[in-house]
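Chain residues, written in single-letter form:
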Amino acid sequence: DPEQHPLIVDTLPGNVLWLPRPWWQLFLVILTALGLAGLVLWLLWWLLFKPPVLPQIVGFEAQDSRYAEANGDFARVNWTIANAHRIESLRLVGYSPEGEMLSAPLTYTLDQGNLPQALIPFCLQEHRTLSCTNVRTNASRPGTYRFDLTVTPRRRPPPTPITATSSQVVIEPRPIVLPEIQEFLASRLTY
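Model, not experiment: these values are computed from the prediction.

Cut-off values and rules
By convention here, each chain's residues receive numbers from 1 onward along its written sequence. With the structure being a predicted model, the display of local features is reserved for residues of pLDDT at least 70 and the display and counting of side-chain atom pairs for 80 or more, all residues being used for whole-chain, interface and lining totals. With hydrogens and water excluded, all non-hydrogen atoms of the structure serve as input to the side-chain values. Categorising residues by exposure relies on relative accessible area from a 1.4 Å probe, with only protein chains included: less than 20% of the type maximum marks a residue as buried, more than 50% marks it as exposed, and the intermediate range marks it as partly exposed. Every helix listed is a DSSP run of H or I at least four residues long, and every strand listed is a run of E at least two residues long, numbered separately from the N terminus. The pairing criterion for strands is at least two bridges between them, as found by DSSP. Interaxial angles span 0 to 180 degrees and are taken between N-to-C directions of axes, which are lines fitted to C-alpha atoms, for helices over the stretch in contact. Here, the term nonpolar core denotes a set of buried Ala, Val, Leu, Ile, Met, Phe, Trp, Tyr and Cys residues that are joined through side-chain atoms within 4.5 Å. We call two residues contacting when some pair of their heavy atoms lies within 4.5 Å. When the centres of two rings from Phe, Tyr and Trp lie within 6.5 Å, Trp using its six-membered ring, the rings pair. Their planes under 30 degrees apart give stacked, over 60 give edge-to-face, and anything left gives tilted. Ring-over charges, as used throughout, are those where CZ of Arg or NZ of Lys falls within 6 Å of the ring centre and within 35 degrees of the ring normal. On a scale of 0 to 100, pLDDT captures the predictor's confidence in every residue.

**Re the pairing of strand 4 (residues 87–95)**
For strand 4, the tally of buried residues reaches 7 of 9 residues, placing the bulk of the element in the interior. Across 8 bridges, the pairing between strand 4 and strand 8 (residues 143–153) is antiparallel. Residue pairing for strand 8: L92 is matched across the bridge by L149. Two strands pair when backbone bridges link them, and strand 4 and strand 5 (residues 101–109) are joined in this way by 6 bridges, in the antiparallel orientation.

**Considerations on the sheet that holds strand 6 (residues 123–126)**
Across the sheet, 4 strands lie side by side as 1-3-7-6; this open sheet has antiparallel pairing. Of all strands in the sheet, those with a lone pairing partner are strand 1 (56–62) and strand 6, marking the two edges. Across this sheet, the average inter-strand angle for adjacent strands is 5°, counted without regard to direction. Note: strand 3 (residues 76–82) against strand 7 (residues 129–136), 6 bridges, orientation antiparallel. Opposite W79, over in strand 7, you have C132 as the bridge partner.

**Some remarks on the nonpolar core**
Of all hydrophobic cores here, the largest spans 29 residues; its most connected members are F60, W79, L90, L130 and F147. Elements supplying a minimum of two residues to this core: strand 1, strand 3, strand 4, strand 5, strand 7, strand 8 and strand 10 (169–172). If one sorts the elements of this core by residue count, strand 8 sits on top with 4 residues. What F60 contacts, discounting residues up to four positions off in sequence, is V77, N78, W79, L92, F147, D148, L149, A164, T165 and S166.

**Details of the packing of aromatic side chains**
Tallied over the full model, the rule gives 3 aromatic pairs. The residue whose ring lies beneath R136 is F74, and the NZ or CZ to ring-centre distance is 3.6 Å.

**Thoughts on the confidence of the model for the protein chain**
With 98% of its residues at a pLDDT of 70 or more, the protein chain shows a mean pLDDT of 86. Within the protein chain, strand 3 carries the highest mean pLDDT (93), whereas strand 2 (residues 66–68) carries the lowest (85).

**Considerations on the pairing of strand 10**
Within a regular strand, side chains alternate between the sheet's two faces. Burial along strand 10 is one-sided: the face carrying V169 and I171 is buried and the face carrying V170 and E172 is not. Direction of pairing for strand 8 relative to strand 10: antiparallel, over a ladder of 3 bridges. Bridging across to strand 10, T144 finds its partner in V170.

Here is the structure:
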């Protein structure tokens, strides 16, 4: 301004008065901040550090408690497993009551959750549950058996396998047929 005119002051003098707030409003703000921090920590744990859900054997039993060798029967078992998408392999073994292995182990490997061809006729997989009925074992010789089903979860490092034991199954031997004399005669009456 070359003429040096006085400038109009465009600010007015004033005071700012900050009224106090009730303490509970500050308490709500602190609680909200702590809740959000807890939620963020829980989500991080859930996404990064939570251990995967392991499969569980819900049910495992023999199809029948008695079989007969004379009929050519093999012992058969049923099982139901939850969280089946986490299974790497299944192992089925028959033992005597004393713990001696009587039937060779049957091992089924589930590649990326797909059932092996040997189990497809017996098993039904719905959602995350695997239900198998009437699965044939290797047990056909006479004796008393109990079966162990071992589930190996898919995870690195491999966790400990999950095992279930069935009730006892008896395969009855063929009945022993003793020879019986039907008729005993001489070929002639006089010699």
